[in-house]
Amino acid sequence: MGECGTCVFPMEDALEMILMFDRTGRISYANAAARSKLGYEDMENQHISTLFPNTFRKTEDGFESDFSFGDAAGHLIIYRRNLTCFPVEARMKENAGCPGTYICMANDLLEREHLGREISQVREEAQQAARMKAEFVANVTHELRTPVNGILGNVRELLDDVTDAQTVKTLQLIERCCGDMNKLINNILDFSKLDAGKFVLEPRRFHFRNMLDYVKAQHFSKITEKGLDFFMTVSPQVPEYVIGDELRIVQILNNLISNALKFTAVGEIAVQVLRTAQVEKQTELFFIVSDTGIGIGEEDMDKLFQSFSQVDASISRKYGGTGLGLSICRQLVELMGGGIEAESRKGRGSNFSFSIWVETEEEETPKAPDDVKAVFMRMFAGGEGSGEEAEDIQEYDTPKNRENLKRHLSRLILSVEMENWEKAEMFMESIRQLTEGAPSDVRRQILRLKMAVQKENYDKVMDEYHKLSI
Ligand code: ADP
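About the criteria used
- Residues numbered from 1 in each chain as written.
- Predicted model: local features only at pLDDT ≥ 70, side-chain atom pairs only at ≥ 80, totals over all residues.
- Heavy atoms only, no water.
- Helix = DSSP H or I, 4+ residues; strand = E, 2+ residues; numbered from the N terminus.
- Buried < 20%, exposed > 50% of the residue type's maximum accessible area, 1.4 Å probe, protein only.
- Contact = heavy atoms within 4.5 Å.
- Areas by Shrake-Rupley, 256 points an atom, 1.4 Å probe, with all protein chains shown as cover.
- Phe/Tyr/Trp six-rings, centres within 6.5 Å; stacked < 30°, edge-to-face > 60°.
- Salt bridge = Lys/Arg side-chain N within 4 Å of Asp/Glu carboxyl O.
- Pairing = 2+ DSSP bridges.
- Polar contact = N/O pair within 3.5 Å; in protein donor to acceptor, adjacent residues only side chain to side chain.
- Axes fitted to C-alpha atoms, helices over the stretch in contact; angles between N-to-C directions.
- Left-handed = near helix turned anticlockwise from the far one by under 90°.
- Nonpolar A, V, L, I, M, F, W, Y, C, P; charged D, E, K, R; others polar.
- 1 Å grid on protein atoms, 1.4 Å probe; cavity = no way out; pocket = protein on both sides within 12 Å on 5 of 7 lines; lining within 4 Å.
- Points joined across faces, edges and corners; volume = space filled by probe spheres on them.
- Patch = residues over 30% accessible without salt bridge, like charges linked within 9 Å, V, L, I, M, F, W, Y side chains within 5 Å.
- Core = buried A, V, L, I, M, F, W, Y, C linked by side-chain atoms within 4.5 Å.
- Parallel < 35°, antiparallel > 145°, perpendicular 65-115°, else oblique.

### Remarks on the overall build of the protein
No. 1: Across its full length, the protein carries 14 helices and 16 strands.
No. 2: A total of 470 residues make up the protein; the buried ones form 44% of that total.
No. 3: The contacts in the protein between residues at least 6 apart in sequence include a share of 61% that link residues at least 24 apart.
No. 4: When the accessible surface of the protein is totalled, it reaches about 25700 Å², and 51% of it is carbon and sulfur.

Have a look at this one:
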């Protein structure tokens with residue numbers, strides 16, 4: 001706090017120099033910045049013309065000056081105690097809070113120029129580093145993609161000729177690994193472009209429902225392989241054609257559906273699309289991707305949309321992934337003017353919902369938009385894709401649970417007979433989840449069956465299977 005005798009000012013620690021002087025030109029207060037820059041321990045009783053000899057003249061009863069007092073700033077030369085000087089940008093005006101006094105605020109122009117130069121140098125260096133990083137990522141991903149595609153091409157050619165079952169299996173595994181590697185490379189490239197603010201959307205007109213069919217087709221084999229139910233519903237309010245970045249909308253949906261598939265062993269996955277708002281030619285679409293999978297604990301929800309974050313290390317060991325998918329989805333959705341959210345209950349399932357804005361060619365005739373709240377209420381009240389249905393499936397010895405268990409057990413045995421141990425492990429995990437609420441003797445038998453599957457021991461699996469009384 002600074003004082004002028006009668007007033008108290010909260011300006012002692014300000015970075016700019018602050019001076020108070022009265023009608024006689026006598027300085028009554030100088031803040032710490034003014035004292036240190038001008039080389040005074042105490043400035044009281046100095047005359048203002050000592051500091052600004054080019055601007056103020058001392059007269060018998062005070063001072064004379066051509067400086068225009070008010071809010072406008074002027075460039076002046078200020079003198080230090082040792083008579084050296086430097087330029088300042090100064091404003092002076094009457095101090096309304098303390099009549100008969102003036103306040104002067106001055107900034108060191110040399111220091112400001114120096115700071116400005118430093119800031120632009122730091123900014124330039126940061127931009128250069130970001131450019132280099134983006135170029136490096138682009139080069140590395142390109143270099144990585146070339147050999148991966150080389151391997152993929154050769155594997156596909158070999159697959160056309162080879163008939164031996166074991167070799168086909170190995171080649172298919174290599175093909176899948178190459179596909180995963182390509183996904184990873186694309187994710188890293190997208191992430192780096194989004195991070196550098198260089199991502200540009202490419203909107204064009206497309207048939208909305210055809211796009212959804214294409215998305216569904218891409219996941220169809222995995223859905224049937226896992227024995228899950230899949231529902232896709234589009235509100236009649238959603239226009240036939242829209243203008244938007246189709247490729248990126250497909251990418252967001254693919255990512256959410258792949259995650260739902262990855263983390264769901266039993267039950268269903270549902271995709272719903274609604275039209276939630278219309279402003280002239282702009283339409284807001286709302287998507288919900290829900291599953292009855294492992295769910296996410298409340299404590300992990302806030303990590304979800306951050307880059308490189310997975311709920312915990314055991315998840316990445318078991319299910320793979322880089323933790324980039326949802327962060328890319330969030331950034332893409334935001335570029336499309338919307339937002340993304342998740343709701344989940346551990347062990348019950350998850351709902352990922354996002355909104356985007358697309359354009360329609362014609363101004364849509366205003367129809368009442370879909371009511372998202374009503375849809376969510378239906379979902380939680382036990383309709384398609386509801387958590388309650390998931391609980392029903394999980395609850396041991398209900399008719400639905402029995403039916404599911406039988407279905408998964410017969411698929412397990414089929415996989416074992418075909419020696420597809422990877423699939424067998426997958427069905428085993430579903431069976432384990434379906435029997436979580438079973439009496440302990442059943443769970444013990446399931447555990448023994450699981451161990452036999454993990455050891456890829458055909459005889460033991462069959463043995464344990466026949467002992468099961470489900
Ligand atoms: P990744 O590529 O590793 O899957 P994501 O960003 O897509 O990365 O997902 C981050 C993490 O969020 C996942 O590792 C998982 O822990 C959690 N997660 C995402 N979707 C689901 C889901 N449908 N059910 C349960 N957990 C999920």
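### Structural notes on the packing of aromatic side chains
A ring pair, where both rings are aromatic, is described by two values, the distance of the centres and the angle of the planes.
No. 1: Summed over all chains, the structure comprises 13 aromatic pairs.
No. 2: Their ring planes at 80° and their centres at 6.5 Å tell us that F56 and F69 sit as a pair that is edge-to-face. Within this pair, whereas F56 is found in strand 5 (residues 56–58), its partner F69 is found in the loop between strand 6 (63–65) and strand 7 (74–79), the two being separated by 13 residues in sequence.
No. 3: Relative accessible area serves as the criterion here: at 2%, F56 is assigned to the buried category.
No. 4: Exposure remark for F69: the relative accessible area of 31% places this residue in the partly exposed category.
No. 5: Pairing F63 with Y102 gives two aromatic rings, centres 5.8 Å apart and planes at 75°, and the pair type is edge-to-face. Of the two residues, F63 is situated in strand 6 and Y102 in strand 9 (residues 101–108); the sequence distance between them amounts to 39 residues.

### Let's talk about the pattern of salt bridges
No. 1: Applying the stated rule across the entire model yields 23 salt bridges.
No. 2: Across the pair E64 and R57 runs a salt bridge whose closest N-O atoms are separated by 3.4 Å.
No. 3: Judged by relative accessible area, which is 40%, E64 ranks as partly exposed.
No. 4: A salt bridge links K467 to E464, with the nearest nitrogen and oxygen atoms 3.6 Å apart. Placement of the pair is K467 and E464 together in helix 14 (residues 458–467), with a separation of three residues, close to one helical turn.
No. 5: Because the salt bridges share partners, they merge into one network encompassing R448, K460, E464 and K467.

### Description of the pairing of strand 15 (residues 340–345)
No. 1: For strand 15 and strand 16 (residues 349–359), the ladder comprises six bridges, and the chain directions are antiparallel. Its bridge partner being in strand 16, I340 is matched across the sheet by F354.
No. 2: The loop that links strand 15 with its antiparallel partner strand 16 comprises three residues; one of these, G347, has a positive phi angle of about 80°.

### A look at the side chain of R275
No. 1: With respect to the secondary-structure elements, R275 resides in strand 13 (residues 268–279).
No. 2: Reaching out from R275, the side chain makes a polar contact with the side chain of Q278 at a distance of 2.9 Å.

### Re the packing of helix 6 (residues 246–262) against helix 8 (residues 325–335)
No. 1: Viewed as axis vectors pointing N to C, helix 6 and helix 8 meet at an angle of 145°, and their least axial separation amounts to 10 Å. Of the two elements, helix 6 crosses helix 8, and the hand of that crossing is left-handed. Of helix 8, the residues touching helix 6 (which contributes R248, Q251, I252, N255, L256 and N259) are G325, L326, I328, C329, L332 and V333.
No. 2: For the contact of helix 6 with helix 8, a count of residues per class yields seven nonpolar, four polar and one charged.

### Re the layout of surface pockets
No. 1: Space inside the second largest pocket adds up to approximately 190 Å³.
No. 2: With three residues, helix 6 is the single largest residue contributor to the lining of the second largest pocket.
No. 3: Tallied by class, the residues present in the lining of the second largest pocket amount to three nonpolar, no polar and seven charged.

### Details of a nonpolar patch on the surface
No. 1: On the surface, F136, V140, L144, M181, L184 and I188 cluster together into a nonpolar patch covering about 460 Å² of accessible area.
No. 2: At the level of elements, helix 3 (109–161) and helix 4 (165–195) are the ones that each hand at least two residues to the nonpolar patch.
No. 3: Mapped onto the elements, F136 comes out in helix 3.
No. 4: Relative accessible area serves as the criterion here: at 55%, F136 is assigned to the exposed category.

### Details of the nonpolar core
No. 1: Among the nonpolar cores identified, the biggest contains 45 residues, and F208, M211, I249, L253, F287, F354 and I356 are the most heavily contacted of them.
No. 2: If you tally residues by element for this core, the top one is helix 6, at eight residues.
No. 3: Excluding its chain neighbours within four sequence positions, the residues that come into contact with M211 are F206, E246, I249, V250 and L253.
No. 4: Counting residues in hydrophobic clusters, the runner-up holds 25 residues, among them F56, F63, F86 and C104.

### With respect to helix 8
No. 1: In terms of burial, helix 8 is largely enclosed, as eight of its 11 residues are buried.
No. 2: Among the residues of helix 8, G325, L326, S327, I328, C329, Q331, L332 and V333 are the ones counted as buried.
No. 3: On the buried face of helix 8, the contacting elements are helix 4, helix 6, strand 15 and strand 16.
No. 4: Once helix 8 ends, the next one or two residues include G337, with phi positive near 80°.

### Some remarks on unusual backbone geometry
No. 1: Of note, the phi angle at N45 is positive, near 80°, even though the residue is not glycine.
No. 2: Mapped onto the fold, N45 is located in the loop between helix 1 (32–38) and helix 2 (48–51).
No. 3: At D397, a residue that is not glycine, the phi angle is positive and equals roughly 70°.
No. 4: The topology assignment puts D397 in the loop between helix 10 (387–394) and helix 11 (399–417).
No. 5: For D397, a relative accessible area of 42% gives the class partly exposed.

### A look at the packing of helix 11 against helix 12 (residues 421–434)
No. 1: In the contact formed by helix 11 and helix 12, the axes pass within 8 Å of each other and the chain directions differ by 160°. One element, helix 11, and the other, helix 12, form an angle in the roughly antiparallel class. In this structure, helix 11 meets helix 12 at a crossing whose hand is left-handed. Between helix 11, through N401, N404, L405, H408, L409, R411, L412, S415 and V416, and helix 12, the contact on the second element is made entirely by W421, K423, A424, F427, M428, S430, I431 and L434.
No. 2: By residue class, the composition of the contact of helix 11 with helix 12 is 10 nonpolar, five polar and two charged.

In short, geometric facts, not functional conclusions.
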